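A structural walkthrough
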Amino acid sequence: MNKTLTLVINCGSSSLKFALMPNESGEDPVLSGLAERLGDSDASITYKSSEGKKEESLNGGDHATALEALINHIDQKGLLASVTAVGHRVVHGGEEFHKSVLIDDKVIAAIERCSPLAPLHNPPNLLGIRVAREKLPALPQVAVFDTAFHQTMEPQAYLYALPMEYYREYGVRRYGFHGTSHRFVSDETRRMLALDPKDHGIVIAHLGNGASATAVKNGESVDTTMGLTPLEGLVMGTRSGDVDPGALVYLANRANMSINDLDNMLNRKSGLLGLSELSNDCRTLEEEAAKGHPGAKIALDVFAHRLARLIGGLAMSLDRLDAVTFTGGIGENSSLLRKMTIERLKPFGIVLDDAANEKCVRGTSGVISGATGPKALVVATNEELMIARDTLAIANASR
Ligand code: AMP
């Protein structure tokens, strides 16, 4: 009998990311991959396993075609009977969901109610859920929300200082995102440093194309940098992060920009790309900054300055700062940006261990600080594993 497995699905507007995770302690997926350009004539699906990489055309297929191809592929490998549950990443759970849940019709209706808060993300997430329920009706399906971990924030951290009617009528408040990653990485940090589960303070910096940082006190999120949407806070690949809202009013009047122009500028043309006038890719910027490109250099400086400033602010929600942990594509690989950030955190007394910092790349986790002061760490995030763990626990409890 094969080992039992959990299928993890992350549906975007034109993509479907998947991982088939062992239910036992082994953490590497048996199979993973991505279906892309769904709905276009060149839609394709790529499978990765120990046997290598394989790409197949989906002949203009949609999400249902992709899931069908995936299920057939799993079946051909003789693994379908071993799949015990399906876990779905859902971006926005609003105030409806404080933790992962078994999916039923009521849960689907509640996710639909959250859709106006994430119109680009929740509808494709729901599509994935509907298709998976149709194709695999015998399996329990679980929803794991990006926002759920941050539902422990108190009103003082989640309210904007806007008239309260907008919170009451429209749910305008800070929700935070990347919760599955922040939860996984804070658990790992606590484990690696043998911190007391009931008495610790950590700041996690999840730095990828999207980026957010979270203050975790005794296992719970107490503040985070993203807000109603994933636009608030840190500098990101193409997103601005924090901007004076007055600047937007000024631009609307002065440069005659519409709401759509501003939305497009803030989400797609800003961040590292907007500052550098070169690229949203941190690797490219590091290479060009080393050759003296002034735009690349200022983009990295603003990124590190903003990150250090917000880490400092987040620490004020903790009783004590035990550790700052870096994760995500940039956090796990850019020793340069980690160094630039830690050098700006001098008031906390964190001391960088240069040699250890250089070693933590390409998935290697570890402590990168010296013996004194709060610790700095690198932890490779694993959202699929966290989704699989939640899915397995909830599916088992439901049987
Ligand atoms: P993610 O969204 O988590 O996949 O992260 C994507 C970001 O990680 C991009 O900005 C990449 O340039 C960055 N990244 C990946 N590898 C490296 C590296 N070796 N050095 C610097 N940045 C990297």
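Fair warning: this is a prediction, and the values are worked out from it, not measured in the lab.

**Overview of the packing of aromatic side chains**
Tallied over the full model, the rule gives four aromatic pairs. For the cation-ring pair, Arg173 lies above Tyr158, with the distance from its terminal atom to the ring centre recorded as 3.6 Å.

**So, a nonpolar patch on the surface**
Together, Leu162, Tyr166 and Tyr170 make up a nonpolar patch on the protein surface, roughly 340 Å² of accessible area in all. Checked against the element boundaries, Tyr166 lands in helix H5 (residues 164–170).

**So, the site of the ligand**
Lining the immediate environment of the ligand, one finds Gly208, Asn209, Asn280, Asp281, Cys282, Arg283, Glu286, Gly328, Gly329, Ile330, Asn333 and Ser334. Between the ligand and Cys282, the relevant distance is 3.0 Å, taken from an oxygen atom to a main-chain nitrogen or oxygen of the residue. One of the backbone N or O atoms of Ile330 is found 3.3 Å from an oxygen atom in the ligand. A total of 510 Å² of accessible area belongs to the ligand in isolation, and the protein chains cover 70% of it.

**Brief notes about helix H1 (residues 63–76)**
An ideal rise of 1.5 Å per residue puts 20 Å on 14 residues; H1 measures up with 20 Å between its terminal C-alpha atoms. Along H1, the positions that sit buried rather than exposed are His63, Ala66, Leu67, Ala69, Leu70, Ile71, His73 and Ile74. Capping the start of H1 is the job of one residue whose side-chain oxygen sits 3.2 Å from the backbone nitrogen of Ala64: Asp62. Gly78 lies just past H1 and shows a positive phi near 75°.

**Concerning the sheet that holds strand S5 (residues 52–57)**
Strand order in this open sheet of eight strands is S5-S4-S3-S2-S1-S6-S8-S7, and the pairing throughout is mixed. Either end of the sheet is taken by a strand with one partner, and the two such strands are S5 and strand S7 (101–102). Contacting strand S1 (5–11), strand S6 (83–90) and strand S8 (141–145), helix H3 (residues 122–135) crosses the sheet at an angle of about 165° to S6.

**Let's talk about helix H7 (residues 245–254)**
Given 3.6 residues per helical turn, the α-helix brings residues three or four places apart onto the same face. Two or three places before Gly246, at the start of H7, stands the capping residue Asp244, its side-chain oxygen 2.7 Å from that residue's backbone nitrogen. Asn256 sits one or two residues past H7 and shows a positive phi near 55°.

**Let's talk about the UniProt feature "site: Transition state stabilizer" (unreviewed entry) in the protein**
The feature "site: Transition state stabilizer" (unreviewed entry), as annotated in UniProt, sits at His178 and Arg239 in this numbering. Relative to the elements of secondary structure, His178 occurs in the loop between H5 and helix H6 (179–193). In this structure His178 touches Asp146, His206, Gly210, Ala211, Ser212 and Met226, once residues within four positions along its chain are discounted. As for its position among the elements, Arg239 is in the loop between strand S11 (220–224) and H7. A residue is classified by how much of its surface remains accessible, and Arg239, at 21% relative accessible area, is partly exposed. The residues contacting Arg239, other than those within four sequence positions of it, are Gly210, Met226, Pro230, Leu231, Leu266, Asn267, Ser270 and Gly271.

**A few points about the nonpolar core**
In terms of nonpolar packing, the biggest core is built from 43 residues, with Leu207, Phe303, Leu307, Phe326, Leu337 and Ile368 touching the most fellow members. Elements with a minimum of two residues in this core: strand S9 (201–207), strand S10 (211–217), helix H10 (282–290), helix H11 (294–315), strand S12 (323–327), helix H13 (335–343) and strand S14 (375–378). Looking at this core, the element that brings in the most residues is H11, giving 10 residues. Leu38, Leu70, Ile71 and Leu79 belong to the second largest nonpolar core, which has 27 residues in total.

**Topic: the sheet that holds strand S13 (residues 366–367)**
The strand order across the open sheet built from six strands is S11-S10-S9-S12-S14-S13, with neighbouring strands paired in mixed fashion. Two strands in the sheet have a free side with no partner beyond their single neighbour: S11 and S13. Where S13 lies against S14, two bridges are found, and the strand directions are antiparallel. The partner of Gly366 across the bridge, within S14, is Val378. Contacts from H11 reach S9, S10, S11 and S12, with the element oriented near 150° to S9.

Definitions and cut-offs
- Residues numbered from 1 in each chain as written.
- Predicted model: local features only at pLDDT ≥ 70, side-chain atom pairs only at ≥ 80, totals over all residues.
- Heavy atoms only, no water.
- Phe/Tyr/Trp six-rings, centres within 6.5 Å; stacked < 30°, edge-to-face > 60°.
- Lys NZ or Arg CZ within 6 Å of the ring centre and 35° of its normal.
- Patch = residues over 30% accessible without salt bridge, like charges linked within 9 Å, V, L, I, M, F, W, Y side chains within 5 Å.
- Areas by Shrake-Rupley, 256 points an atom, 1.4 Å probe, with all protein chains shown as cover.
- Salt bridge = Lys/Arg side-chain N within 4 Å of Asp/Glu carboxyl O.
- Helix = DSSP H or I, 4+ residues; strand = E, 2+ residues; numbered from the N terminus.
- Near = heavy atom within 4 Å.
- Polar contact = N/O pair within 3.5 Å; in protein donor to acceptor, adjacent residues only side chain to side chain.
- Expected span 1.5 Å × (residues − 1).
- Buried < 20%, exposed > 50% of the residue type's maximum accessible area, 1.4 Å probe, protein only.
- Pairing = 2+ DSSP bridges.
- Contact = heavy atoms within 4.5 Å.
- Axes fitted to C-alpha atoms, helices over the stretch in contact; angles between N-to-C directions.
- UniProt positions renumbered as here; feature names shortened; annotations may be inferred.
- Core = buried A, V, L, I, M, F, W, Y, C linked by side-chain atoms within 4.5 Å.

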